[in-house]
Amino acid sequence: MRNEVLVIGGGPAGMMAAIYLARFRRKVMIVDGGASRAALIPRSHNLPGFPNGMPGHELLARMERQVRDLGVPIVKATVSSLEKVESELRALHSGGVISAQRVILATGIVDKQAPLADWTAAVRDGELRYCPVCDAFETIGRKIAIIGELGHAAGKALFMRVYSSDVALIPIGDAQDDGKQRDLAAAGIRVTPPLHALQRRDGAIEATFTDGASERFEIVYPAMGADVRSELAIRLGARHTTDGFLEVDAKQRCGVEGLYGIGDVVTDLHQIAVAFGHAAVAACHAHHSLPMHYAELSG
């Protein structure tokens, strides 16, 4: 199965790229493993035109309908390998091989989870959150905890202090640092004893500490990093950070001919609006880099 452009990943970034390419009258296809991070968003308030917010699953469903209405095939599968064969890129998945002249990688990231057994339900109910940039405004005045290695979590805790006077940082592991505790103390942020366990209780999340004490929080933000789904590109020699994020140029190219990176897989601000911008830039460049197909002359 040959295409001009193959989009790997069906989240907001991948869907937006496919919309642009289909409207450019390119032969484009999406392969999607069905694990978009956006599907976990209870309600996004950063999308212009939706003042009451938009649930992530509804945004994805609307975009998928738009893509399908444009005639773009969506293969529900996970790509296991990507290889360069002469002027093409070939993607292998459980159903076969898909070849394309250009590939746009929109595979995203997977957040590392806090040790909470029913974390998906906590996310759905707004008790467990991942993106302060997305939803800190909705937490104004609430009792908030940030969980993670102190040096990594301190920045998120300081960010949240703008929205609430009751912010605590629950460290995982050794709480020693290079001055972060002074910054936290100066901002009025408590550093608790290290985390032992988490559980949901009566509409809140209860943290038990290594000293046996416990405390309930209305909202908990893990600050534990993420696993980046960039292996397909890295195996081909794509530029990347030590954490695995793809490093791209102004056209979203990552150092492999014909391969683009967009959305959360790129080392950038992980926002839907940013993903849309990445998608537009990559789709436009891919379109202009391919031979043009002119409409037939009438008469």
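Residues numbered from 1 in each chain as written. Predicted model: local features only at pLDDT ≥ 70, side-chain atom pairs only at ≥ 80, totals over all residues. Heavy atoms only, no water.

- As recorded by an unreviewed UniProt entry, the chain carries the name Thioredoxin reductase and is attributed to Bradyrhizobium oligotrophicum S58.

### Some remarks on the overall build of the chain
Right, on to step 1. Scanning the chain from N- to C-terminus turns up eight helices and 16 strands.
Right, on to step 2. The buried share among the 299 residues of the chain stands at 48%.
Right, on to step 3. In the chain, the share of contacts with a sequence separation of at least 24, taken over all contacts with a separation of at least 6, comes to 57%.
Right, on to step 4. Accessible surface, the chain as shown: approximately 14,500 Å² in total, 51% of it carbon and sulfur. (Helix = DSSP H or I, 4+ residues; strand = E, 2+ residues; numbered from the N terminus. Buried < 20%, exposed > 50% of the residue type's maximum accessible area, 1.4 Å probe, protein only. Contact = heavy atoms within 4.5 Å. Areas by Shrake-Rupley, 256 points an atom, 1.4 Å probe, with all protein chains shown as cover.)

### Let's talk about unusual backbone geometry
If a residue is not glycine, its phi is most likely negative; likewise, a peptide bond is most likely trans.
Right, on to step 1. Located in the positive-phi region is arginine 25, a residue other than glycine, with phi close to 65 degrees.
Right, on to step 2. Within the secondary structure, arginine 25 is located in the loop between helix H1 (12-23) and strand S2 (28-32).
Right, on to step 3. Its identity is not glycine, yet glutamate 86 carries a phi of approximately 55 degrees, on the positive side.
Right, on to step 4. Given a relative accessible area of 76%, glutamate 86 falls into the exposed group.

### What about a nonpolar patch on the surface?
Right, on to step 1. Side chains of Val133, Phe159 and Leu269 sit close together on the surface and give an oily, nonpolar patch of about 250 Å² of accessible area.
Right, on to step 2. With respect to the helices, strands and loops of the structure, leucine 269 is situated in the loop between strand S16 (259-261) and helix H8 (272-289).
Right, on to step 3. Under the relative-accessibility criterion, leucine 269 is labelled partly exposed at 47%. (Patch = residues over 30% accessible without salt bridge, like charges linked within 9 Å, V, L, I, M, F, W, Y side chains within 5 Å. Salt bridge = Lys/Arg side-chain N within 4 Å of Asp/Glu carboxyl O.)

### Some points on the nonpolar core
Right, on to step 1. Grouped together as the largest cluster of nonpolar side chains are 31 residues, with contacts concentrated most on Ile30, Val67, Ile104 and Ile262.
Right, on to step 2. Elements represented by at least two residues in this core include exactly strand S1 (2-8), H1, S2, helix H2 (56-69) and H8.
Right, on to step 3. Broken down by element, this core gets its largest block of residues, eight residues, from H1.
Right, on to step 4. In this structure, isoleucine 104 is in contact with Val5, Leu6, Val7, Ile8, Ala17, Leu21, Tyr260, Ile262, Ala282 and Ala283, ignoring residues within four places of it in sequence.
Right, on to step 5. Listed in part, the 25 residues of the second largest apolar core include Met29, Leu89, Ala238 and Val256. (Core = buried A, V, L, I, M, F, W, Y, C linked by side-chain atoms within 4.5 Å.)

### Comments concerning the state of the cysteines
Right, on to step 1. Across all of its chains, the model carries one disulfide by this definition.
Right, on to step 2. One disulfide bridge connects cysteine 131 with cysteine 134, the sulfur atoms lying 2.2 Å from each other. Because the sign of the S-S torsion sets the handedness, a value of about 70 degrees for the bond joining cysteine 131 and cysteine 134 places this disulfide among the right-handed ones.
Right, on to step 3. Judged by relative accessible area, which is 14%, cysteine 131 ranks as buried.
Right, on to step 4. Given a relative accessible area of 25%, cysteine 134 falls into the partly exposed group.
Right, on to step 5. In this model cysteine 254 remains outside any disulfide bridge; the closest cysteine sulfur is found in cysteine 284, 18 Å from its own. (Disulfide = S-S within 2.5 Å.)

### Some thoughts on the pattern of salt bridges
Right, on to step 1. As enumerated under the stated definition, the model contains 20 salt bridges in all.
Right, on to step 2. Linking glutamate 64 and lysine 76 is a salt bridge whose minimum nitrogen-to-oxygen distance equals 3.6 Å. With glutamate 64 in helix H2 and lysine 76 in strand S3 (residues 74-76), this residue pair connects regions lying 12 residues apart in the sequence.
Right, on to step 3. Arginine 200 is the partner of aspartate 125 in a salt bridge, and the nearest nitrogen-oxygen pair spans 2.7 Å. Of this pair, aspartate 125 sits in the loop between helix H3 (119-124) and helix H4 (132-135) while arginine 200 sits in strand S11 (residues 195-201), and the two are 75 residues apart along the sequence.

### Looking at the packing of H1 against H2
Right, on to step 1. Between H1 and H2, the shortest axis-to-axis distance is 10 Å and the interhelical angle comes to 20 degrees. One element, H1, and the other, H2, form an angle in the roughly parallel class. Here the hand of the crossing between H1 and H2 comes out left-handed. Each of Pro12, Met15, Met16, Ala18 and Ile19 in H1 lies in contact with H2, whose residues at this interface are Leu59, Leu60, Met63, Glu64, Gln66 and Val67.
Right, on to step 2. For the contact of H1 with H2, the class distribution of residues is nine nonpolar, one polar and one charged. (Axes fitted to C-alpha atoms, helices over the stretch in contact; angles between N-to-C directions. Parallel < 35°, antiparallel > 145°, perpendicular 65-115°, else oblique. Left-handed = near helix turned anticlockwise from the far one by under 90°. Nonpolar A, V, L, I, M, F, W, Y, C, P; charged D, E, K, R; others polar.)

### Considerations on the UniProt feature "transmembrane region" (unreviewed entry) in the chain
Right, on to step 1. Residues annotated in UniProt with the feature "transmembrane region" (unreviewed entry) correspond here to residues 6-22.
Right, on to step 2. What you have in residues 6-22 is 65% helix and 18% strand, and the ends, taken at the C-alpha atoms, are 11 Å apart. (UniProt positions renumbered as here; feature names shortened; annotations may be inferred.)

### Details of the sheet that holds strand S13 (residues 214-217)
Right, on to step 1. Reading across the sheet, the three strands line up as S11-S12-S13 and stay open at both edges, with antiparallel pairing between neighbours. Whereas interior strands pair on both sides, the edge strands pair on one side only; in this sheet they are S11 and S13. In this sheet, adjacent strand axes meet at a mean angle of 25 degrees when their direction is disregarded.
Right, on to step 2. Two strands pair when backbone bridges link them, and S11 and strand S12 (residues 204-209) are joined in this way by six bridges, in the antiparallel orientation. Paired with arginine 200 across the bridge in S12 is isoleucine 205. (Pairing = 2+ DSSP bridges.)

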